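# Structural features, examined
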Amino acid sequence: MHIAVLMFAWMTVVNATPAQAQPAAKPIKLVVLGDSLSAGLGLPGQEAFPAKLQKAFQAKGIAVDMINAGVSGDTASGGRDRLDWSVPEGTDGVILELGANDALRGIDPDLTRAALTDIVARLKARKIAVLLCGMVAPPNYGADYAVRFNSIYPDLAKKFEVPLYPFFLEGVAADAKLNQADGIHPTAAGVDVIVSNMMPTMEAFLGTISEQRR
């Protein structure tokens with residue numbers, strides 16, 4: 001009888017163990033809303049920025065579900081037009097990389113600013129965290145254009161209190177070894193540099209999202 005009681009107690013402990021185990025952390029759902037620079041034009045899907053960023057997170061033991069919502073040729077206005085279906089419900093954070101095509105085409109910076117402002121405002125209204133990736137205007141449109149365009153990103157980051165990575169192509173732009181033949185789009189090695197350079201900012205961004213989940 002004594003043995004039976006002990007066996008019952010032991011089985012109760014064993015059966016309770018799974019229920020008491022801590023659940024695995026729920027993956028953070030991220031969307032990269034961008035253009036060809038983040039979409040990975042000219043690269044296999046696994047070499048594109050979202051895939052390599054996800055792999056870098058996995059190497060650090062961080063669970064992330066990543067959606068590549070980059071569309072080649074997209075402007076800030078184009079990203080705004082497709083925002084609702086590009087960023088599904090349940091998204092925790094958006095990496096916003098748009099504006100390069102605006103600058104290459106010489107689009108009025110006021111239009112770019114208005115589109116990016118609308119995107120960030122709508123994402124914030126949905127309680128989705130935003131990491132803003134800055135872009136720099138090419139020199140061929142003159143200093144005045146560059147000042148008006150380049151100020152968009154720090155201004156929006158300050159206005160909406162969102163983190164800013166100042167220049168998405170930092171360490172890669174104008175380096176022939178890290179760009180494809182067009183001199184604009186990163187090679188796989190160039191994407192590696194972008195991911196490596198952005199990781200401190202990205203980890204802080206995910207830390208903020210994790211805090212908001214609690």
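Here the structure is a predicted model, which is why all the values come from computation and not from measurement.

Here a ring pair, both rings aromatic, is described through the centre-centre distance and the interplanar angle of the planes. Tallying each qualifying case throughout the model produces 4 aromatic pairs. With 6.2 Å between their ring centres and 10° between their planes, Tyr145 and Phe149 make a pair best called stacked. Here the residue Tyr145 and the residue Phe149 both occupy positions in helix α8 (residues 143–150), the gap between them amounting to 4 residues, near one helical turn. Residue classification places Phe149 among the buried positions, given a relative accessible area of 0%. Measuring from ring centre to ring centre gives 5.8 Å for Phe149 and Tyr153, while their planes differ by 65°; the resulting arrangement is edge-to-face. Accessibility classification places Phe149 together with Tyr153 in one group, the buried group. Ring-pair connections join several aromatic residues into one group, and the members of that group are Tyr141, Tyr145, Phe149 and Tyr153.

Remark: helix α7 (residues 109–125) packs on helix α9 (residues 152–160), axes separated minimally by 11 Å, with the N-to-C direction vectors making an angle of 30°. As the angle between them shows, α7 and α9 are arranged roughly parallel. Two packed elements cross with a definite hand, and for α7 against α9 that hand is right-handed. In contact with Pro109, Thr112, Arg113, Leu116, Thr117, Val120, Ala121 and Lys124 of α7, α9 contributes Ile152, Tyr153, Asp155, Leu156, Lys159 and Phe160. Considering only residue class, the contact of α7 with α9 consists of 8 nonpolar, 2 polar and 4 charged.

This next bit is on α9. Residue pairs spaced three or four apart in an α-helix point in one direction, given the helix's 3.6 residues per turn. Listing the buried residues of α9 in full gives Ile152, Tyr153, Leu156, Ala157 and Phe160. Around the axis of α9, the buried residues are gathered within 125° of arc, so they sit on the same side. The exposed set on the far side of α9, more than 90 degrees from its buried face, consists of Lys158 and Lys159. Once α9 finishes, Glu161 follows within two positions and takes phi at roughly 55°, a positive value.

Of all 5 residues that make up strand β3 (residues 93–97), 5 are buried, and the element is covered over most of its length. For strand β1 (residues 28–34) and β3, the ladder comprises 5 bridges, and the chain directions are parallel. Across the sheet, Gly34 pairs through a bridge with Glu97, a residue of β3. Both β3 and strand β4 (residues 129–133) contribute to a ladder of 4 bridges, which runs parallel. Each bridged residue has a counterpart across the sheet, and for Val94 the counterpart in β4 is Val130.

One can describe the packing of α8 onto α9 by two numbers: an axis separation of 5 Å at closest approach and a directional angle of 20°. Here α8 lies roughly parallel to α9, going by the angle between them. Contact residues: α8 offers Arg148, Phe149 and Asn150, while α9 offers Ile152, Tyr153 and Pro154. Within the contact of α8 with α9, the residues separate by chemical class into 4 nonpolar, 1 polar and 1 charged.

Let's shift gears to α8. Looking only at α8, the buried set comprises Tyr145, Ala146 and Phe149. Along the long axis of α8, the arc covered by the buried residues comes to 100°, so they all point the same way. In α8, the exposed positions angled more than 90 degrees off the buried face are occupied by Ala143, Asp144 and Val147.

Conventions adopted
- Residues numbered from 1 in each chain as written.
- Predicted model: local features only at pLDDT ≥ 70, side-chain atom pairs only at ≥ 80, totals over all residues.
- Heavy atoms only, no water.
- Phe/Tyr/Trp six-rings, centres within 6.5 Å; stacked < 30°, edge-to-face > 60°.
- Helix = DSSP H or I, 4+ residues; strand = E, 2+ residues; numbered from the N terminus.
- Buried < 20%, exposed > 50% of the residue type's maximum accessible area, 1.4 Å probe, protein only.
- Axes fitted to C-alpha atoms, helices over the stretch in contact; angles between N-to-C directions.
- Parallel < 35°, antiparallel > 145°, perpendicular 65-115°, else oblique.
- Left-handed = near helix turned anticlockwise from the far one by under 90°.
- Contact = heavy atoms within 4.5 Å.
- Nonpolar A, V, L, I, M, F, W, Y, C, P; charged D, E, K, R; others polar.
- Arc of directions from axis to C-beta.
- Pairing = 2+ DSSP bridges.

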